[in-house]
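The residues making up each chain are set out below.
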Amino acid sequence: EFDNFQLHIEWRSPAEVKGNGQGRGNSGIFMQGIYELQVLDSYNNPTYSNGQAGSIYKQTMPLVNASKKPGEWQVYDVIYTAPRFNKDGHMATPGYITVMHNGVVIQNHTPIQGTTPYVGRPTWTPHGKGPLKLQDHGDAVSFRNIWIREL
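Now for a look at the structure at hand. Just so you know, these numbers come straight off a predicted model, no measurement behind them.

## Comments concerning the overall build of the protein chain
Link 1 in the chain: Helix and strand content of the protein chain: zero helices and ten strands.
Link 2 in the chain: By the compact-globule yardstick of 15 Å for 151 residues, the protein chain fits well, its C-alpha radius of gyration being 15 Å.
Link 3 in the chain: Projected onto its principal axes, the C-alpha coordinates of the protein chain cover approximately 50 × 30 × 25 Å.
Link 4 in the chain: Across the 151 residues of the protein chain, 42% fall into the buried class.
Link 5 in the chain: Here the protein chain has roughly 7600 Å² of accessible surface; of this, 51% comes from carbon and sulfur atoms.
Link 6 in the chain: Computed over 13 positive and 12 negative side-chain charges, the separation of the two mean positions in the protein chain equals 2 Å.

This is the structure in structure tokens:
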């Protein structure tokens, strides 16, 4: 389990394009098992802005679409600082995330606004360290060369 970390992860969506929008190579990477960094085939694929590759899902869209073609390996390099909570359960400081997608900064010390639900507003529940989780959204997304180190 982790709180503050540096993550390197490579991923690719299927080379054969099936579907559109959120139905193309959809997956996610969950910081502390809670906060989702979107994985999606966003190459020539219109979808809602805060749901494209590199989004903090349903919160913050990436600064730019740095996606490669379907079937090509893509890289996320992430610096993550976990939210901190007071003893009474109130948030002391939000979490922050910086993401480089294929070498391009797409999230720059972006505050995490809370949970990343599909429907509804973000919420906060006090917590400590948590796992790194990869989402299985039913699409054939591949991952490789994953490393993480605590900061």
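Next comes the rest of the account.
## Things to note about the sheet that holds strand S8 (residues 104–111)
Link 1 in the chain: Across the sheet, which stays open at both edges, the five strands sit in the order S8-S7-S4-S1-S10 with antiparallel pairing between neighbours. The two strands at the open ends of the sheet, each matched to only one other strand, are S8 and strand S10 (142–150). Going across the sheet, the axis of each strand differs from the next one's by a mean of 10°, ignoring polarity.

## Quick notes on the pairing of strand S7 (residues 96–101)
Link 1 in the chain: Relative to S7, strand S4 (residues 74–81) runs antiparallel, the two sharing six bridges. When the sheet's bridge partners are listed, Asp-77 is paired in S7 with Met-100.
Link 2 in the chain: Summarising the sheet, S7 and S8 pair through five bridges and their orientation is antiparallel. Bridge assignment links Ile-97 to a residue of S8, and that residue is Thr-110.

## Focus on the sheet that holds strand S9 (residues 133–134)
Link 1 in the chain: Read across the open sheet, the three strands follow the order S3-S2-S9; overall the sheet is antiparallel. With partners counted over all chains shown, the strands left at the sheet margins are strand S3 (35–39) and S9, one partner each.

## Observations concerning unusual backbone geometry
Link 1 in the chain: Notably, Lys-58 is not glycine yet its phi reads approximately 65°, a positive angle.
Link 2 in the chain: Phi is positive for Asn-145, which is not a glycine, with a value near 45°.
Link 3 in the chain: As for its position among the elements, Asn-145 is in strand S10.

## Comments concerning the pattern of salt bridges
Link 1 in the chain: Following the criterion strictly, the structure yields three salt bridges and no others.
Link 2 in the chain: Salt-bridge contacts for Lys-129 lead to Glu-150; the nearest nitrogen and oxygen are separated by 3.2 Å. Here the residue Lys-129 occupies a position in the loop between S8 and S9, and Glu-150 occupies one in strand S10, the gap between them amounting to 21 residues.
Link 3 in the chain: Residue Lys-129 is classed as partly exposed on the basis of its relative accessible area of 44%.

Conventions used here
Residues numbered from 1 in each chain as written. Predicted model: local features only at pLDDT ≥ 70, side-chain atom pairs only at ≥ 80, totals over all residues. Heavy atoms only, no water. Helix = DSSP H or I, 4+ residues; strand = E, 2+ residues; numbered from the N terminus. Rg over C-alpha atoms; globule rule 2.2 N^0.38 Å. Buried < 20%, exposed > 50% of the residue type's maximum accessible area, 1.4 Å probe, protein only. Areas by Shrake-Rupley, 256 points an atom, 1.4 Å probe, with all protein chains shown as cover. Lys, Arg positive; Asp, Glu negative; His and termini not counted. Charge placed at Lys NZ, Arg CZ, Asp CG, Glu CD. Pairing = 2+ DSSP bridges. Axes fitted to C-alpha atoms, helices over the stretch in contact; angles between N-to-C directions. Salt bridge = Lys/Arg side-chain N within 4 Å of Asp/Glu carboxyl O.

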